[in-house]
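Tertiary structure, described
So the chains spell out like this:
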Amino acid sequence: MFPPLAIQAQHLLPKLLLTRLMGRLAGARGGALTTAVIRRFIAHYGVDMAEAAEPRPEAYDTFNAFFTRALQPGARPIAPADLVCPVDAAISQFGPIEHDQIFQAKGHSYSTTALVGGDAELARRFDHGHFATLYLSPKDYHRIHMPCDGTLVQMVHVPGELYSVNPLTARHVPGLFARNERVVCVFDTAFGPFVNVLVGATIVGSMATVWHGVVNPPRPGSIRRWDYRGQGIALKKGEEMGRFLLGSTVVMLFPQGIVSFNPDWATARAVRLGEPMGRIAR
């Protein structure tokens, strides 16, 4: 059976060129034109601007500034749970890691080693652990926060493809999240290692972290690594850790025997930053 035309088209499209072009347009100061585009986007996707720290579309000088808008204080209360949801999103998949295989969609899985950029030693720390994949749609708040307290150990930028990461593509492109460009963030926590992977996609102009700023561009075509051990970069649960400039997906990895997910969680369910995500075994 052939994949849908939308998937076949993605194989043919110049995805990197489109992404670079959209990144430039999203960062351009276009005055009234920028405001018109933002208003159209709000109307098309049903973006709730009432919860934004700055609700006026005309106050944003670029589309990127609008897309990465801050929320009003208290808009996302942080639950008193061991682990909280780090983003506004829909649950793509979550559950156990089968040895080193992460479930993507029916008939598709990928390895933790591929996801983290080929670091087999890091990947082994999550054998038989748990994962959660959360998809941020265009209307969502696009800052990423910490699900728990953590101290930054390293960051890895892994070059790759720029397929869409929507549910349709996840069902038809094997190893999608380990093929696309991504930023792997590794933390030490009270329960051991924790990895949060920011996955890029078509027209995702860039990804940024609070400790580094914009990670990509540049896109040199080879893996880049940053070692933060001993630098004391500690982030609290609920604190911002990064953002997507045009949104995408996060994949979280937890070690074996650590996490019990919220029993209310289900695939395709909408979740919000700060809601209970799970508890830690003690």
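Just above, that's the structure.
As a starting point, this report considers the structure included with it. (Residues numbered from 1 in each chain as written. Predicted model: local features only at pLDDT ≥ 70, side-chain atom pairs only at ≥ 80, totals over all residues. Heavy atoms only, no water.)

Some words on unusual backbone geometry
The test is simple: Helical segments are the DSSP runs of H or I of at least four residues, strand segments are the runs of E of at least two, and each set is numbered from the N terminus. Per-residue accessibility, obtained with a 1.4 Å probe over protein chains only, is compared with the maximum for each type, and a residue is labelled buried under 20%, exposed over 50%, and partly exposed between these values.
Phi at His99 takes a positive value of approximately 60°, unusual for a residue other than glycine. The residue His99 is located in the loop between strand 2 (89–96) and strand 3 (101–105) in this model. Here His99 falls in the partly exposed class, since its relative accessible area comes to 42%. Within the chain, Ala268 stands out as a residue other than glycine whose phi angle is a positive 80°. Among the residues examined, Ala268 registers a relative accessible area of 60% and is labelled exposed.

Some thoughts on the nonpolar core
Under the convention used in this document: Nonpolar cores were defined as sets of buried Ala, Val, Leu, Ile, Met, Phe, Trp, Tyr and Cys residues, with membership established by side-chain atoms within 4.5 Å. Any two residues having at least one pair of non-hydrogen atoms within 4.5 Å are treated as being in contact.
In this structure, Leu134, Phe187, Trp211 and Met241 are the most contacted members of the largest nonpolar core, which totals 37 residues. With residues near it in sequence (within four places) discarded, Met241 still touches Ile144, His145, Met146, Cys185, Phe187, Asn196, Leu198, Ala208, Thr209, Val210, Trp211 and Leu235.

Quick word on the pattern of salt bridges
Spelled out, the test is: Take a side-chain nitrogen of Lys or Arg and a carboxyl oxygen of Asp or Glu: if they are within 4 Å of each other, that pair is a salt bridge.
On inspection of all chains with the given rule, the structure shows ten salt bridges. Of the charged contacts, one joins Arg229 and Asp227 as a salt bridge, the two residues approaching to 2.4 Å between their closest N and O atoms. With a relative accessible area of 40%, Asp227 lands in the partly exposed category. Through salt bridges with shared partners, a single ionic network connects Glu51, Arg76, Asp88 and Arg272.

Details of the packing of aromatic side chains
Convention followed: Two aromatic rings from Phe, Tyr or Trp, using only the six-membered ring of Trp, form a pair when their centres are within 6.5 Å; if the ring planes differ by under 30 degrees the pair is stacked, by over 60 it is edge-to-face, and anything between is tilted. Any Lys NZ or Arg CZ that is within 6 Å of a ring centre and within 35 degrees of that ring's normal is treated as a charge sitting over the ring.
Enumeration over the complete set of coordinates arrives at 17 aromatic pairs. Centroid distance Phe94 to Phe261: 5.3 Å. Interplanar angle 75°. Geometry classified as edge-to-face. Of this pair, Phe94 sits in strand 2 while Phe261 is found in strand 16 (residues 259–261), placing the two residues 167 residues apart along the sequence. Since its relative accessible area comes to 24%, Phe94 is described here as partly exposed. Here the aromatic residues Phe94, Phe187, Phe191, Phe194, Trp211, Tyr228, Phe254, Phe261 and Trp265 are joined through ring pairs into a cluster of three or more. The lysine or arginine in question, Arg69, covers the ring of Phe66, its NZ or CZ lying 4.7 Å from the ring centre.

Notes on the pairing of strand 3
This is how it is decided: The pairing criterion for strands is at least two bridges between them, as found by DSSP.
As paired strands, strand 3 and strand 4 (residues 108–111) are joined by four bridges and run antiparallel to one another. Note on strand 4: the bridge partner recorded for Ile102 is Tyr110.

Purely spatial values, then, with no claim about function.
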